[in-house]
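So you can see what is in the structure, the chains are spelled out below.
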Amino acid sequence: MSGADVVEAVFETVAGAAPEIRESLVGRRRYEAGENPSGEQQLAADVYADELFEERLLALDGVATYASEEREDVVEGADGDYHVALDPLDGSSNVKSNNAMGTIVGVFDAPLPAGGESLVAAAYVLYGPLTTMVTLREGTVTESVVHEGERHVGTADRSLPDEPTVYGFGGRVPAWTDAFADYASEVEQELKLRYGGAMIGDVNQVLTYGGVFAYPALTTHPNGKLRRQFEGIPIGAIVEAAGGASTDGERSLLATPPEDLHERTPVFVGNRSLIERAEATLSA
Ligand SMILES: O=P(O)(O)OC[C@H]1O[C@](O)(COP(=O)(O)O)[C@@H](O)[C@@H]1O
Ligand SMILES: [Mg+2]
Ligand SMILES: [Mg+2]
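Attention here is on the structure that accompanies the text.

About the criteria used
Residues numbered from 1 in each chain as written. Chains lettered and ligands numbered in written order. Predicted model: local features only at pLDDT ≥ 70, side-chain atom pairs only at ≥ 80, totals over all residues. Heavy atoms only, no water. Phe/Tyr/Trp six-rings, centres within 6.5 Å; stacked < 30°, edge-to-face > 60°. Buried < 20%, exposed > 50% of the residue type's maximum accessible area, 1.4 Å probe, protein only. Helix = DSSP H or I, 4+ residues; strand = E, 2+ residues; numbered from the N terminus. Core = buried A, V, L, I, M, F, W, Y, C linked by side-chain atoms within 4.5 Å. Domains from an automatic or database assignment. Pairing = 2+ DSSP bridges. Donors = N, O, S within 2.8 Å, 3.2 Å for Na, K, Ca; no water.

**A few points about the packing of aromatic side chains**
And step 1. Summed over all chains, the structure comprises 8 aromatic pairs.
And step 2. Aromatic pair Trp-176 and Phe-180: ring centres 4.9 Å apart, planes at 85°, arrangement edge-to-face. Comparing Trp-176 with Phe-180, the two get one shared label, buried.
And step 3. Ring geometry for Phe-180 versus Tyr-183: centroids 6.0 Å apart, planes at 50°, classification tilted. Here Tyr-183 and Phe-180 lie together in helix H3 (residues 178–190), a separation of 3 residues that amounts to about one turn. Neither residue differs from the other here; Phe-180 and Tyr-183 are each classed as buried.

**Things to note about the nonpolar core**
And step 1. Ranked by internal contacts, the top residues of the largest apolar core, which has 52 residues, are Phe-169, Tyr-183, Val-212, Phe-213 and Ile-235.
And step 2. Both domain 1 (3–155) and domain 2 (166–283) contribute no fewer than three residues apiece to this core.
And step 3. If you look at the next biggest cluster of nonpolar residues, it comprises 36 residues, including Leu-43, Met-101, Val-105 and Val-125.

**Some words on the pairing of strand E7 (residues 119–127)**
And step 1. Extensive coverage of E7 is indicated by the burial of 8 of its 9 residues.
And step 2. Bridge analysis of E7 against strand E8 (residues 131–137) gives 7 bridges, and the strand direction is antiparallel. Across the sheet, the residue bridging to Ala-123 is Thr-135, located in E8.
And step 3. Between E7 and E8, which pair antiparallel and follow one another directly, the connecting turn spans 3 residues.

**A few points about the coordination of the magnesium ion (ligand 3)**
And step 1. The protein atoms that coordinate the magnesium ion (ligand 3) are Glu-69 (OE), Asp-87 (OD) and Leu-89 (O), at distances of 2.2 to 2.3 Å.
And step 2. On the primary sequence, the residues serving as donors to the magnesium ion (ligand 3) are separated as E-x17-D-x1-L.
And step 3. Separating the magnesium ion (ligand 3) and the magnesium ion (ligand 2) is a distance of 3.8 Å, and Asp-87 donates to both of them. Of this pair, Glu-69 sits in the loop between strand E3 (63–68) and strand E4 (75–76) while Asp-87 sits in strand E5 (residues 82–90), and the two are 18 residues apart along the sequence.

**Quick word on the sheet that holds strand E6 (residues 101–108)**
And step 1. Taking strand neighbours across the sheet as the criterion, the 8 strands line up as E4-E3-E5-E6-E7-E8-E9-E10 in an open arrangement whose pairing is mixed. In the strand order of this sheet, the two ends are held by E4 and strand E10 (150–155), each with one partner.
And step 2. Alignment of E3 against E5, held across 5 bridges, turns out to be parallel. Note on E5: the bridge partner recorded for Val-63 is Tyr-82.

The following block contains the structure:
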């Protein structure tokens, strides 16, 4: 199977599972006893989505391994040249309040953990009022509506608007560093606050309206909250390919491979001018 065929099969599988993921939320809003490798409590919905994607993606020709935020180690499948990294349910704490959630996928041509130079394709599904899917392959970002598990292309070459409009910053304000607080107070003079607590919902607003999403380094958590392999790299790649930029505070999220599968990193994505200003303010 060619790389393009494997990527297409992964995208088709993730879109195909979307109705089941949505349906699975009914009755799975409670916490399981377990914790994920990042020390966060898992919902029954996180575990269900992780197991469903593991089974379906490892069954595909060409997919050698599966890794996810919800399990410690990489799972080996059959032989193949491609490795998939999943955040099966992003923003799963939103299931309680019935707000947006997502699924994030990265396809790599090197064993995980792997950095941006090994990323061959990426995608996310947004479970909002509609189910939509944004895919990145060969430098092009495409947005589709997912209906009954099928993708219907809406915008074939998605790019960020030149004029930014919205921002969303994670972490409690008292835990922000002074440098980040300076950046935030500039941004809040210029843009409109939109923060929903699911990275995918918040990033999709930035892709749609222009602006910046950040989950910064905190005084309590110097590497922030989000994971480089499962969240930072695929989302950084999508936003960069859509004409925006990404940074971990110093350089593109694609520039530094994770040393550890579950490593955390500060995440900033959005219009280039806003990301450049973030880097300048944080390094001042
Ligand atoms: O509740 P907080 O601190 O605002 O954190 C929200 C962030 O945490 C996340 O929910 C973490 O992702 P998971 O739900 O996949 O662990 C992001 O989607 C979101 O940006
Ligand atoms: Mg997440
Ligand atoms: Mg998750």
